[in-house]
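Structure at a glance
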Amino acid sequence: MSKSVFIKTYGCQMNVYDSQRIGDVLAADGYTAVDGPDGADLVVLNTCHIREKAAEKVYSEVGRLKALKDARRAEGRTMIIAIAGCVGQAEGPEMMRRAPAIDLVLGPQTYHRLPALLARVEAAHAEGKPGRVLDTDFPADDKFDHLPGEATAPGPSAFLTVQEGCDKFCTFCVVPYTRGAEMSRPVAAVLAEAGRLAGLGAREITLLGQNVNAYHGARADGGSADLGELIHRVAEIDGIERIRYTTSHPRDMTASLIAAHRDVPQLMPYLHLPVQAGSDRILKAMNRSHSADDYRRIVDDLRAARPDIALSGDFIVGFPGETEADFEATLALVRDVTYAQAYSFKYSPRPGTPASVLADQVDEAEKSRRLAALQTLLDSQQQAFNDATVGRRFDVLIERPGRRPGQILGRSPYNQAVHVTLDDQTMSSYHALIGTVFPVTIEAGGPNSLSGRIAAPQWTAA
Ligand code: 5AD
Ligand code: SF4
C-alpha cells in the first residue's frame, strides 16, 4: 500500500524548490503527496531560520502535529514527523530536545538520503523503540547527483536551483551557517534540468541561488560559466519563454550579467537586488562590501541596459547601532532608486552571527517605528508603479485559474500578479490559456496586483 506524505514549506523560493525535490525523492520511495497532515504517514516541515518568527512557527506546527500523531497512535498507527531545512540544520539537537514528537531532523544538504533515514526510523519503530534520527551533515557528495527525476509537472512557472550556499558572511545572516559554502551546479546539469522542465510544460524558469549571481558553473570544456552566460544558454532551450533569477548580491552584478538584461529578450525586466540599508556606516558593519553609491551606480547601469527594468529589494531596519541619521539614509536611497516591490524586516538577532552579540541593539519600539515609516514609503512606490501600468498592454504568462469566477491569474513581465477577466465563452475553455503568454490590457492597479482583459478580441480557444 502506498504511504502518504504532507510537505509544508516555510521561507524562501529555494525551500519551495527543495520541497519539490523532497517530493520527488519520496515519490520514488513509494509515497503519494497529500495536501494536509490529517491521515498522513509522514509529515515533512521544510523550515526557514532567517528570522526568529520563522522558527517559532515551526514549533507551533509541531505542537499541532503532535495531537494528530497521538490520535493516530491511539488507533495503532504511526505518523513520522520530519524537520527539514534551515531550522533543522541550525538547531537540530535543540529541536530534538524541545519537541520529543519529532522523529527525524535533516538539513538542506541531506534530503537525498531521506529514504535511508526514514528506513532507520521505521525499523526502530517496528521494534517499539523511539528511533530518533538526526542528519545535518554537509556531505562531500553532491545531493543533486542523487536526486531522481521530477515526479510532477512544475506548472507554467518553475524554479531551478543553480547555486547554493553563501561565502559573503553578512554579519546579520544565518545562511552561510545553515546552507554552507557557495557551490554552483555544472552548466550541463542545469541545462538538462531546464530542458526537462520545459518538456513538462514550464514556460518560465527562475534560476535560484542564495547568491545566484555568484554562479560559476563548470562547463564541459573545463572552463566555467558565469550567470550571464548561463542565462544565454537557458534562453536557447525550446519552450522557455521567460527567465528570471534570484537572489542577487550587488557585488556580483557583473558587466556580463547586466548586458544579458539588454541582450536576452527572454530575461524578464525585473530584478530583486537587496541592499539592506542606505548608510555606508551600517553597510560596513553588515559586511556588505559595497557602499550606497556603489548600489546607485549598479542601478544606473541596469537601467541603461534595460530602461524599463523594475527593481525589488530587501531592507533591514534597526541593525545594531543604527541611528536616526542612518535610517534616514535608507529612506533617501529608496527615494533615489524607486522600487516596484520590496521586502523589509526588523533586525532579528540570529544565534551564532556576529551582529547578534553587538552591544548597541536598537529597541523594539524604535525598530517598529522605522519599519512602519519605511514600509509606508515602499508601499507608495509600489502603488505608483502599479498605477503607472494602467492602460498599458503587455504580455502576461497565464498560470492558473483565479480566485474569482471568470478570472485567471498570470504574471506581468515586471513580476506583478495580474487578474485577467475573461468573457463567458473564453472562460469555458480557459484551460487552453494556462501556460501561454498572452497580451493583456491593464485596467486597474491595486497595492499588490493588477487586473485587466485579454487584448486580443479575435482570440478563440482552439
Ligand atoms: N534580521 C532581519 N532580516 C534578516 N534578513 C536576513 N537575516 C536577517 C536578520 N537577522 C533579511 C535580509 C535578507 C532577507 C532574505 O532576509 O533582508 O535579504
Ligand atoms: Fe545572507 Fe549576505 Fe549571504 Fe545574502 S549575501 S545569504 S544576506 S550572508
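Residues numbered from 1 in each chain as written. Chains lettered and ligands numbered in written order. Predicted model: local features only at pLDDT ≥ 70, side-chain atom pairs only at ≥ 80, totals over all residues. Heavy atoms only, no water.

Section: the environment of A340
Residue placement: A340 occurs in the loop between α11 (324–337) and β16 (341–346). Taking the relative accessible area as the measure of exposure, A340 reaches 6% and is therefore buried. Along the primary structure A340 and K53 are separated by 287 residues, whereas in three dimensions their C-alpha atoms are 26 Å apart. If we ignore the near neighbours within four places in the chain, the residues touching A340 are A310, L311, Q382 and F385. (Helix = DSSP H or I, 4+ residues; strand = E, 2+ residues; numbered from the N terminus. Buried < 20%, exposed > 50% of the residue type's maximum accessible area, 1.4 Å probe, protein only. Contact = heavy atoms within 4.5 Å.)

Points about the pattern of salt bridges
Taken as a whole and assessed by the stated rule, the structure comprises 41 salt bridges. Notably, a salt bridge pairs E122 with K3, separated by 3.9 Å at the nearest N-O pair. Residue E122 is located in helix α4 (residues 114–126), and its partner K3 is located in strand β1 (residues 3–9); the two are separated by 119 residues in the primary sequence. Overall, K3 belongs to the partly exposed group, its relative accessible area being 28%. With a closest N to O distance of 3.6 Å, R73 and D70 form a salt bridge. Here R73 and its partner D70 are both found in helix α2 (residues 52–74), 3 residues apart, which amounts to about one turn of the helix. Note on R73: relative accessible area 53%, which makes it exposed. Since its relative accessible area comes to 31%, D70 is described here as partly exposed. It is possible to trace a salt-bridge network through shared partners that takes in R21, D24, E150, R185, E193 and R196. (Salt bridge = Lys/Arg side-chain N within 4 Å of Asp/Glu carboxyl O.)

Overview of the site of ligand 1
Close contacts around ligand 1 come from I50, R51, F172, Q276, D314, I316, F345, K346, Y347, S348 and R350, and that covers them all. At 2.9 Å, a backbone N or O of F172 approaches a nitrogen atom of ligand 1. Take S348: an N or O atom from its main chain is 2.7 Å from a nitrogen atom of ligand 1. For ligand 1, whose unbound accessible area comes to 400 Å², protein coverage reaches 87%. Listed by contribution, the elements that provide at least two residues to the shell around ligand 1 are β15 (310–317) and β16. (Near = heavy atom within 4 Å. Polar contact = N/O pair within 3.5 Å; in protein donor to acceptor, adjacent residues only side chain to side chain. Areas by Shrake-Rupley, 256 points an atom, 1.4 Å probe, with all protein chains shown as cover.)

Examining the packing of α11 against helix α12 (residues 364–388)
Two numbers describe how α11 lies on α12: the axes approach to 10 Å, and their chain directions differ by 10°. On the basis of their axis angle, the class for α11 and α12 is roughly parallel. On α12, the residues touching E324, F327, T330, L331, V334 and R335 of α11 are E366, R369, R370, A373, L374, L377, L378 and Q381. Considered class by class, the residues forming the contact of α11 with α12 number 7 nonpolar, 2 polar and 5 charged. (Axes fitted to C-alpha atoms, helices over the stretch in contact; angles between N-to-C directions. Parallel < 35°, antiparallel > 145°, perpendicular 65-115°, else oblique. Nonpolar A, V, L, I, M, F, W, Y, C, P; charged D, E, K, R; others polar.)

Some details on the packing of helix α6 (residues 187–199) against helix α7 (residues 227–235)
In the contact formed by α6 and α7, the axes pass within 10 Å of each other and the chain directions differ by 35°. As α6 packs across α7, the resulting crossing turns out to be right-handed. Residues V187, V190 and L191 of α6 pack against L230, R233 and V234 of α7. Per-class residue counts for the contact of α6 with α7 are 5 nonpolar, no polar and 1 charged. (Left-handed = near helix turned anticlockwise from the far one by under 90°.)

Everything listed here is a matter of coordinates, which is why it stays silent on function.
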